[in-house]
Each structure stands twice: as C-alpha cells, then as structure tokens.
Amino acid sequence: MELLVISTLNGLSYGLLLFLLSSGLTLIFSMMGVLNFAHASFYMVGAYVGYTIARLAGFWPALFIAPLVVGLLGAAFERTCLRKVHKYGHVPELLITFGLSYVLLELVQLVWGRTAVEFRPPEALQGAAFTLVQHSAEGIRLVWGQAPAAMCAAADAGMRVVCSPFPATRGFMMLTAILMLAALALLLAKTRIGLVIQAALTHPQTVEALGHNVPRVFMLVFGAGAALAGLAGVIGGSTFVTEPNMALTVGSIIFVVVVVGGMGSLAGAFLASLLIGLVQTFAVQLDNSMGSLLQGVGLTLSPQALNTTLLKLTISQVAPILPYLFLVLILVFRPRGLLGTREG
C-alpha cells in the first residue's frame, strides 16, 4: 500500500510537470497552428533565469519574474521572426523554431556553462509535505511534514516501521499545475480575452473587422505559452536538476503529450500528461521480464523463447519507450488524439 500510494503521487507529480510544459505548447498550437520546437528550450531558459534571480532576490520573486522574462522573450521572437515566416506555411515555422532551440542552447552554455548549477528550492519546500508511516501493527498513518525520528524507529525486533516522505517540492508542483489548469480554463471560457482568442482561431478576419488586432493577439498568446514553459522551468529546475540537457530530456515527451491528448485540446493534454506520468513511474519500478509478463497473461512460451534477448528485457528497461509506443498506437487507431477534434 505504501509503495502504491507514493508511486501514484510521484507519477501524478511528474505528469503534472509535463502538463505545465505541454499546456503552453497546446495553447500556441490551438491558437496559431504552430508546433513550437523551441518550447522545451523556453523551459530551460526559465530554469536558468529563475536560478539567477533566486540568487539575487530569492526563490519566490524568481517564480514570478522568470516566467515574465521568458514570456517577453517569446513575444519578441514571434513579433520579429515567426510572424515574418507565418505566411509561408508550417515548414518554415518548424525550421525557425528548430533553429531557435539551438541558439538558446548555445546562449545558455555561453552564459551559465555546460555543467549543472545548484538551483535549490526555498527552505519552506526543502522538507516533506507529508510522511506515510506504515507500522506492522498499527497500519498506515499520514503525518503532515517530516515525521519524528522516534516515530520511524522500530519499537522492538518484532515491529516493522517504514516512513515514506513525499517531497514538498513535488506537492507544490502539483498544486501549481492544478491552479494553472483552472486559470487557463476560466480565461478561455469566461473572459472577453478568451472569447477573442477562440474566435481568432476560426474566424480571424471577422475578429479583425470587429476592431481587434489579431497579430497582437497571436503575439500575446505565443508569449503566454513561453511564459508557462518558463514557469515550469523554475519549478522543474529547482525540483530536479538545472543543466543544458534539460530541454532535450523533456523536449520529445511533451510532443507525445500534445499528440496523444489531441492537437489543441487542453483537457486532452492534461489527461495524457497524467497517463504518461503514471505509466512511466510504475514501469521503472517493475523488474519483471517481458517473458514473465506474457506468461502472466496466459501465453505459453518455450524455454528457448524465454531466453531470447527481447523477452529477457525487464519492464523498467523498456519504460523510456512506452510513451512513444503509446503515441504510435494513438496515431494508428485514433489520429485526433484522446480528446482532440482535429485529425493529425
């Protein structure tokens, strides 16, 4: 039970970090039809800018200032570069964002170096949000914060006590992602700005005829998407590690989230993020081989077949490719994604 609860929470926290990243990409695609290959690079820039601001003013100012800086960078890029190639179609848009990702990577390495930097969360988030205490006689108890050492010590040789703390940084990550989902949903459905954004998606000429500056709306949406990536960078960089390869680590997985959830669907991105986070978290903890898994579902295999390299692989070894296998299945059987309305 303790392993199930902690693994589920870890999977949800990782999935919600993916949602923080993919929400900005989904917002940009749903509004502009642009798949931004530099989106993960904005995540990396947000982590490094947050690290620099945190050293000068503290973590909490960095949490608000760094996304604004990254959002302004994204808006400036859309205004000066992306807008000029938008009329030529999707291929030039993909190429220019792909080039931007390399430019940002080189700039980060020039300014902050090629090694990881120590981006520590604030003291309020350095402990445990809560601790699950599993006692062989008393069952499972939930203790808010870090459990006392005496509580985690076995009373005698016949008692077994296991304490499993859940980091406060992951809890803060989950809370931020849920609040961001609620804020985006309310913005798009209940505000005038959201109505203008949704109308500009399908009827840009009509919106412009009503007096709204559609190119400016596009610029603000691209900047907002980049700011969401910057916010994820501050939280992810302080929770995990801040280094130049962090964009490469999550760059491909967020496109899997967007496609699996449905191109342009915010709810689909949320659902896909949770599914992928849970699948990967549980898969990396399973040491069963593929052969034993097939036998477990009722297939009879010969000893020679069980001795093959493929069937000797453990589930934890194939965990990194599971999201991409899921992507292939989605593209084959449901190209519009889980909750999407567009094909492809």
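Bear in mind the structure is a predicted one, so any value in this text is a computation, not a measurement.

Visitor: Explanation requested: the overall build of the protein in the structure shown.
Guide: Scanning the protein from N- to C-terminus turns up 16 helices and three strands. Seen through its C-alpha atoms, the protein measures out along the principal axes to roughly 75 × 55 × 45 Å. Split into buried and exposed, the 344 residues of the protein put 47% on the buried side. In the protein, the proportion of contacts linking residues at least 24 apart, taken out of those at least 6 apart, comes to 75%. Accessible surface computed for the protein: about 17300 Å², of which carbon and sulfur atoms make up 68%. Distance between charge centres in the protein, computed from 17 positive and 12 negative side chains, equals 11 Å.

Visitor: Looking at this model, I keep getting lost on the packing of aromatic side chains. Mind explaining?
Guide: Any pair of aromatic rings gets described here by the distance separating the centres and the angle formed by the planes. By the definition in use, this model includes 12 aromatic pairs. Seen in terms of ring centroids, Y51 and F119 are 6.2 Å apart; in terms of plane orientation they differ by 70 degrees. Their pairing is edge-to-face. Linking Y51 in helix α2 (residues 39-57) with F119 in the loop between α4 (90-112) and β1 (128-135), this pair joins segments that are 68 residues apart in sequence. No difference in accessibility class separates Y51 from F119, as the two residues are buried.

Visitor: Explain the pattern of salt bridges to me, please; I cannot follow it from the model alone.
Guide: Oppositely charged side chains are able to pair whenever their charged atoms sit close together. One pass over the full model with this rule turns up two salt bridges. A salt bridge links E78 to R83; its shortest N-O distance comes to 3.3 Å. We classify E78 as buried; its relative accessible area is 3%.

Visitor: What exactly am I supposed to notice about a nonpolar patch on the surface here?
Guide: A contiguous nonpolar surface patch, about 410 Å² in accessible area, is contributed by V103, L107, L110 and V111. The topology assignment puts L110 in helix α4. A relative accessible area of 70% means that L110 is categorised as exposed.

Visitor: Can you help me understand the side chain of S22 in this one?
Guide: Within the element layout of this structure, S22 appears in helix α1 (residues 2-32). Look at S22 and you get buried, because its relative accessible area is 0%. Setting aside residues up to four positions removed in sequence, S22 forms contacts with I254, V257, V258, A269 and S273.

Visitor: I would appreciate a short explanation of the nonpolar core in the present structure.
Guide: One recurring pattern in soluble globular proteins: nonpolar side chains tend to sit buried together. Counting 87 residues, the largest nonpolar core has M31, M32, F42 and Y43 as its most contacted members. Per-element tally for this core: the top contributor is α1, with 14 residues.

Visitor: Just to check I follow, could you spell out the packing of α2 against helix α3 (residues 59-85) for this structure?
Guide: Helix-helix packing: each pair is described by the crossing angle between the helix axes and the interaxial distance. Two numbers describe how α2 lies on α3: the axes approach to 8 Å, and their chain directions differ by 140 degrees. When the interaxial angle is binned, α2 and α3 end up oblique. Once α2 is placed against α3, the crossing between them reads as right-handed. Together, F42, V45, G46, V49, G50, I53, A54 and A57 of α2 and F59, P61, A62, I65, A66, V69, V70, L73 and G74 of α3 make up the contact between the two elements. A breakdown of the residues in the contact of α2 with α3 according to their chemical character gives 14 nonpolar, three polar and no charged.

Visitor: Honestly, the environment of I321 in this entry has me stumped. Any pointers?
Guide: With respect to the helices and strands, I321 occurs in the loop between α15 (315-318) and α16 (322-333). With 290 residues separating them in the primary sequence, I321 and M31 have C-alpha atoms 30 Å apart.

Visitor: How should α3 be read in this particular structure?
Guide: An α-helix turns once every 3.6 residues. As a result, residues three or four positions apart point the same way. For α3, built from 27 residues, the straight-helix expectation of 39 Å at 1.5 Å per residue is met to within 8% by its first-to-last C-alpha distance of 37 Å. Along α3, the helix axis deviates most sharply at E78, where the bend reaches about 45 degrees.

Visitor: Before we go on, may I ask you to explain the environment of I253 in this structure?
Guide: Structurally, I253 can be placed in helix α10 (residues 246-261). Using a relative accessible area of 4% as the deciding quantity, one classes I253 as buried. Along the primary structure I253 and P122 are separated by 131 residues, whereas in three dimensions their C-alpha atoms are 28 Å apart. Beyond its immediate sequence surroundings of up to four residues, I253 is in contact with Y14, L18, I276, Q280, P323 and Y324.

Visitor: How do you make sense of the side chain of S265 when you look at a structure like this?
Guide: Tracing the sequence through the fold places S265 in the loop between α10 and α11 (266-283). Accessibility expressed as a relative area gives 11% for S265, which makes it buried. A distance of 2.9 Å separates a polar atom in the side chain of S265 from the backbone nitrogen of G268. Non-local contacts of S265, meaning those with residues more than four positions away in its chain, are made with T26, L339 and G340.

Rules used throughout
Residues numbered from 1 in each chain as written. Predicted model: local features only at pLDDT ≥ 70, side-chain atom pairs only at ≥ 80, totals over all residues. Heavy atoms only, no water. Helix = DSSP H or I, 4+ residues; strand = E, 2+ residues; numbered from the N terminus. Buried < 20%, exposed > 50% of the residue type's maximum accessible area, 1.4 Å probe, protein only. Contact = heavy atoms within 4.5 Å. Areas by Shrake-Rupley, 256 points an atom, 1.4 Å probe, with all protein chains shown as cover. Lys, Arg positive; Asp, Glu negative; His and termini not counted. Charge placed at Lys NZ, Arg CZ, Asp CG, Glu CD. Phe/Tyr/Trp six-rings, centres within 6.5 Å; stacked < 30°, edge-to-face > 60°. Salt bridge = Lys/Arg side-chain N within 4 Å of Asp/Glu carboxyl O. Patch = residues over 30% accessible without salt bridge, like charges linked within 9 Å, V, L, I, M, F, W, Y side chains within 5 Å. Core = buried A, V, L, I, M, F, W, Y, C linked by side-chain atoms within 4.5 Å. Axes fitted to C-alpha atoms, helices over the stretch in contact; angles between N-to-C directions. Parallel < 35°, antiparallel > 145°, perpendicular 65-115°, else oblique. Left-handed = near helix turned anticlockwise from the far one by under 90°. Nonpolar A, V, L, I, M, F, W, Y, C, P; charged D, E, K, R; others polar. Expected span 1.5 Å × (residues − 1). Bend = angle between axes of the 7 residues up to and from the residue. Polar contact = N/O pair within 3.5 Å; in protein donor to acceptor, adjacent residues only side chain to side chain.

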